[in-house]
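# Summary of structural features
What follows is the residue order along each chain.
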Amino acid sequence: MIKVTKEMRETFARDGAIKAAGLLNLAELEECRRCYEFNLENPGPIAMDMFDGTNDKTYIDFGTAQSFEVYQPVLEKIGFADFLADLWGSEHVWYFGEELFRKEGGDVGRSLWHQDTPYFTHRGPHMANIWISFETLPAKNALEVIKGSHVGTVYDGAAFLDPGDPTRPVWGAKHYPQLPDIEAERSKDSTSWDVLSWDLALGDAIVLHSGALHGGAPVDKACPNRNTLVLRFFGDDVRYSPHPKANSDFCFDLSPKFEVDSTKAGDLFRGEEFYQLR
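Let us look at the structure shown here. (Residues numbered from 1 in each chain as written. Predicted model: local features only at pLDDT ≥ 70, side-chain atom pairs only at ≥ 80, totals over all residues. Heavy atoms only, no water.)

## Considerations on the overall build of the chain
Helix and strand counts for the chain come out as 5 helices and 13 strands. Expected size for 278 residues packed as a compact globule is a radius of gyration near 19 Å; at 18 Å, the chain falls within 12% of this value. By principal-axis analysis of the C-alpha atoms, the chain measures approximately 45 × 45 × 40 Å. A burial count over the chain gives 53% of its 278 residues as buried. (Helix = DSSP H or I, 4+ residues; strand = E, 2+ residues; numbered from the N terminus. Rg over C-alpha atoms; globule rule 2.2 N^0.38 Å. Buried < 20%, exposed > 50% of the residue type's maximum accessible area, 1.4 Å probe, protein only.)

Given below as structure tokens:
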């Protein structure tokens, strides 16, 4: 595992995302791929082909108790916890879970822009998604992140129900401001948003704050497939932020699937179901 530098700490805190070049060696990348393949072979209850029947079709799934048995030794073996603790300045690190994304066929549209925080019940500076691709990717086919958006406005989530309506809200205007249509604005002015993206070699990863606006770029004939594993973690400085008391308009039920020790907004976010790596 690579060492965290002062520049990496400062950039992550300021921009909300960094490219961690060579985060994984090829053996570690293969271990992560084995975990990913286990999820594909043993899909969870939420597994779906999102936007099936369109050229935006993307397979997604989340971790389960069964998959965690496969992931746990890999998470312990690879030094994710020490890396993130150093990046954040946190004593402790917990694993929140994984998510899988698969785009195949050489003509699949982009994933909708969003922040993870409106879907979660926790917020704070010690949050991170480690975005790992199992293909070499040019920046135009990789993840894109809006620079500094993790410390700006928390927008409503994207409902992910209609690729033609990328800002359809999850909770409604009473609770959050609606997402801007970032792609529509970029099509009119390519400089309207400060977008971060990187070329990725095998073993590279993008480490982004979960509250940063992000979206996966499309795949094309030159880069026809993208298999991505996202590992999510949190550290000491994360607080409980309960969902609005409202019905969500989303592609699956957002009711928390875990028990937390927190009882009111602002409590430290903790729970026995989150695996403590450090």
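Let us keep going from here.
## Some remarks on helix α3 (residues 65-77)
Helix length check: α3 (13 residues) gives 19 Å between terminal C-alpha atoms against 18 Å at 1.5 Å per residue, within 8%. Along α3, the sharpest change in direction is near 35° and occurs at tyrosine 71; proline proline 73 comes one to four residues later. Those residues of α3 not exposed but buried are Ser67, Val70, Tyr71, Val74 and Leu75. Packing partners of the buried residues in α3 comprise α2 (26-41), α4 (80-88), β4 (93-103) and β11 (226-235). (Expected span 1.5 Å × (residues − 1). Bend = angle between axes of the 7 residues up to and from the residue. Contact = heavy atoms within 4.5 Å.)

## Regarding unusual backbone geometry
Although it is not a glycine, phenylalanine 51 adopts a positive phi angle of roughly 60°. Relative to the assigned elements, phenylalanine 51 resides in the loop between β2 (48-50) and β3 (58-62).

## Observations concerning the state of the cysteines
With the rule as written, the count across this model stands at 0 disulfides. We note that cysteine 35 lacks a disulfide partner, and the nearest cysteine sulfur, in cysteine 32, lies 6.2 Å from it. (Disulfide = S-S within 2.5 Å.)

## So, the environment of proline 244
Considering the arrangement of structural elements, one finds proline 244 in the loop between β12 (239-240) and β13 (275-276). In sequence terms proline 244 and lysine 174 are 70 residues apart; their C-alpha atoms lie 9.4 Å from each other. When neighbours within four sequence positions are excluded, proline 244 is seen to be in contact with Trp171, His175 and Tyr176.

## Concerning the packing of aromatic side chains
With the rule as written, the count across this model stands at 16 aromatic pairs. Seen in terms of ring centroids, phenylalanine 160 and phenylalanine 250 are 6.3 Å apart; in terms of plane orientation they differ by 85°. Their pairing is edge-to-face. On the criterion of sequence distance, the pair formed by phenylalanine 160 in the loop between β7 (143-146) and α5 (182-188) and phenylalanine 250 in the loop between β12 and β13 is long-range, its members being 90 residues apart. Classification of phenylalanine 250 by relative accessible area gives buried; the value is 15%. Taking the centre distance of 5.1 Å and the plane angle of 40° together, the rings of phenylalanine 269 and phenylalanine 274 count as tilted. Relative accessible area serves as the criterion here: at 0%, phenylalanine 269 is assigned to the buried category. By the ring-pair criterion, three or more aromatic residues cluster together here, those being Trp94, Phe96, Phe120, Phe234, Phe269 and Phe274. (Phe/Tyr/Trp six-rings, centres within 6.5 Å; stacked < 30°, edge-to-face > 60°.)

## Things to note about the side chain of aspartate 116
One can find aspartate 116 in the loop between β4 and β5 (122-123). Given the relative accessible area of 2%, aspartate 116 is considered buried. Within the structure, the side chain of aspartate 116 is placed 3.5 Å from the side chain of histidine 214, a separation counted as a polar contact. A polar contact is formed between the side chain of aspartate 116 and the side chain of arginine 232, at a distance of 3.1 Å. The residues contacting aspartate 116, other than those within four sequence positions of it, are Asn129, Ser210, His214 and Arg232. (Polar contact = N/O pair within 3.5 Å; in protein donor to acceptor, adjacent residues only side chain to side chain.)

## Here we look at α4
Residues three or four positions apart in an α-helix share a direction because the helix packs 3.6 residues into each turn. Burial analysis of α4 places 7 of its 9 residues in the buried class, which makes it a mostly covered element. Backbone geometry just downstream of α4 places glycine 89 in the positive-phi region, at approximately 80°.

## Considering the sheet that holds β7
Strand order in the open sheet formed by 3 strands is β8-β7-β10, and the pairing between neighbours is antiparallel. Both outer strands of the open sheet, β8 (195-196) and β10 (214-216), are each paired with one neighbouring strand and no more. Of the strand pairs in this sheet, β7 and β8 are connected by 2 bridges, and their pairing is antiparallel. Looking at β8, one finds that isoleucine 146 is bridged to valine 195. (Pairing = 2+ DSSP bridges.)

## Here's the deal with the pairing of β4
Counting buried positions along β4 yields 9 of 11 residues, so the element is predominantly enclosed. When β3 meets β4, the two strands line up antiparallel, connected through 4 bridges. Pairing of aspartate 61 across the sheet is with leucine 100, part of β4. Alignment of β4 against β11, held across 10 bridges, turns out to be antiparallel. Directly across from tyrosine 95, in β11, lies its bridge partner phenylalanine 233. Note: β4 against β13, 2 bridges, orientation antiparallel. For tryptophan 94, the partnering residue across the bridge sits in β13 and is glutamine 276.

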